[in-house]
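# Structural characterization, general
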Amino acid sequence: MTTTTDELIYLDNNATTQLDPVVIEEMLPFLTEHYANPSASYRFAAKARKAIDLARARLATLLGCEASEIVFTSCGTESNNAVINSALRFEPRGKHVVTSAVEHSAVLRPCQDLANRGCEVTFVGVDRDGNVDLAELEAAIRPATAIVSLMWANNETGVLFPVEKIAEICRKKGVLFHTDAVQAIGKIPVRLHDTTINFLSLSAHKFHGPKGVGAVYVNRRTRFRPLIVGGGQENERRGGTENVASIVGLGKAAECAAESLSEEATRVRAMRDRFEKRILESIPGASVNGWSAARLPNTSSFLFDGIESQAALMLLDRHHICCSAGSACRTGSQETSHVLRAMNSSGDGARRSLRFSFSRFNSDAQIDRAIEIMPKVIDKLRQLSTPARESAQILQEAAGIAPEA
Ligand SMILES: *Cc1c(COP(=O)(O)O)cnc(C)c1O
């Protein structure tokens, strides 16, 4: 580890993760000497082709599926779009989609686009802890439903949906089921062959692989029509010359993830739990979003009374702490988190929340620093906002008094 990473406390691992150095090492030869197009027929190309085969096998091991069920894509967003589009173009009865109100924008936006093009979309809501009601979900499925798409783990709160059960409900109803598992892969065990999931999306940069490469699992008995057509790459399921180095990186990251699943469940979880406990003890008016729900081992979404998340992010940044308000995709815009609004429609929790997400590259010393800094930052923000409130009150009173004066 370099000194700069020692100084920086990166607690935003649901936004993206650090590349594992062994992943970089595995990728490098494919950015230098092994540059052949894998589709070429000479032996020089066989190295690239074999490397892609190995990456596919490694990912299949992590997912508990067959290598032939994996299609490499350019990102998690592409995987989601490809699945949703495929389901609607194939299903002649496909006039309706079921998803949830707390999906990542990479599912919500394609669904909203469908709605604009005349397809009906049901956005199932969640309770205060971020859970879906399975009876409500089942009731939302109609004869015209083409696909149900629900995330495995929520990127903002870490709340887990019972996707195996949901997939079973969908199978009984004869409806396709897709899960955006971008946040689940590498953090919790997944065995696709023990499930009735038809499609699953993932992205390498969320589990210490490179950005700009993802995959979609397509169950071998499920029909799939590609989103991107061109050359016959990926067994006619995704056109475009393979991003060999990145696919190699994804494969290596998948192998590392399989090896470190127990560390995620123990060391990373212990780190997160310790952070949560200490923050709740040391900061009054703090609570955890999704507290009673089953959650990922690495995510903490906090609500702090009397603060504005954007101001908190700026102060934490000065202490070299990276975290986020809601999801990273929204940072910089004033819009609050749709996930936290769905969980708490009446309150203003969405404006007062901060997400911390940990990884196996975080050290206990970094967590100690964050535990030390957080109460000071929250205290400072509350002090700053008090005079503002008082002066607003004074102004209001003055305005009320003015006519009499
Ligand atoms: C990050 C993320 C995505 C998008 O993946 P990209 O590879 O960045 O396109 C989709 N869904 C969830 C839940 C995510 O966290």
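The text that follows walks through the structure, step by step, so that each part is easy to find. Note that the structure is a prediction, hence the values are computed from the model and not measured. (Residues numbered from 1 in each chain as written. Predicted model: local features only at pLDDT ≥ 70, side-chain atom pairs only at ≥ 80, totals over all residues. Heavy atoms only, no water.)

### Digging into helix 9 (residues 244–282)
Quick reminder of the rule: Numbered from the N terminus, helices here are DSSP runs of H or I no shorter than four residues, and strands are runs of E no shorter than two. One less than the number of residues in a helix, times 1.5 Å, gives the span that helix is expected to have. Bend at a given residue is defined as the angle between two axes, one fitted to the seven residues that end at that position and one fitted to the seven that begin there.
Along its 39 residues, helix 9 runs just 48 Å from first to last C-alpha, ending more than 12% under the 57 Å computed at 1.5 Å per residue. Helix geometry: helix 9 is bent most strongly at Ser260, by close to 50 degrees.

### A word on the sheet that holds strand 7 (residues 199–203)
To keep it simple, the criterion reads: What makes two strands pair is DSSP finding at least two bridges between them. Angles here are taken between N-to-C directions and fall from 0 to 180 degrees, while the axes themselves are lines fitted to C-alpha atoms, restricted in helices to the stretch in contact. It only takes one pair of heavy atoms within 4.5 Å for two residues to be counted as in contact.
Spatial ordering of the open sheet is given by 2-8-7-6-5-3-4, a layout of seven strands whose pairing is mixed. The strands lining the two open edges of the sheet, one partner per strand, are strand 2 (70–73) and strand 4 (120–124). Taken over all neighbouring pairs, the strand axes of this sheet differ in orientation by 20 degrees on average, direction set aside. Here four bridges tie strand 2 to strand 8 (residues 214–218), and the two strands are oriented antiparallel to one another. Of the residues in strand 8, the one forming a bridge with Val71 is Val216. Strands in contact with helix 4 (residues 76–90) are strand 2, strand 3 (96–100), strand 5 (145–149), strand 6 (176–180), strand 7 and strand 8; relative to strand 7, the strand with the most contacts, it is inclined by about 160 degrees.

### Points about the pairing of strand 12 (residues 353–357)
Rules: Each residue is placed in one exposure class: buried if its accessible area under a 1.4 Å probe, protein chains only, is under 20% of its type's maximum, exposed if it is over 50%, and partly exposed if it falls in between.
Buried residues dominate strand 12, accounting for five of its five residues. On strand 12, burial covers both faces: Ser353, Arg355 and Ser357 on one face and Leu354 and Phe356 on the other are all buried. Here strand 10 (residues 299–304) pairs with strand 12 via five bridges, running antiparallel. Directly across from Leu303, in strand 12, lies its bridge partner Ser353.

### Observations regarding the pairing of strand 10
Burial of strand 10 is extensive: six of the six residues sit out of reach of the surface. Examined bridge by bridge, strand 9 (residues 286–288) and strand 10 share three bridges and lie antiparallel to one another. The residue of strand 10 that forms the bridge with Ala286 is Phe304.

None of this, on its own, says anything about what the molecule does.
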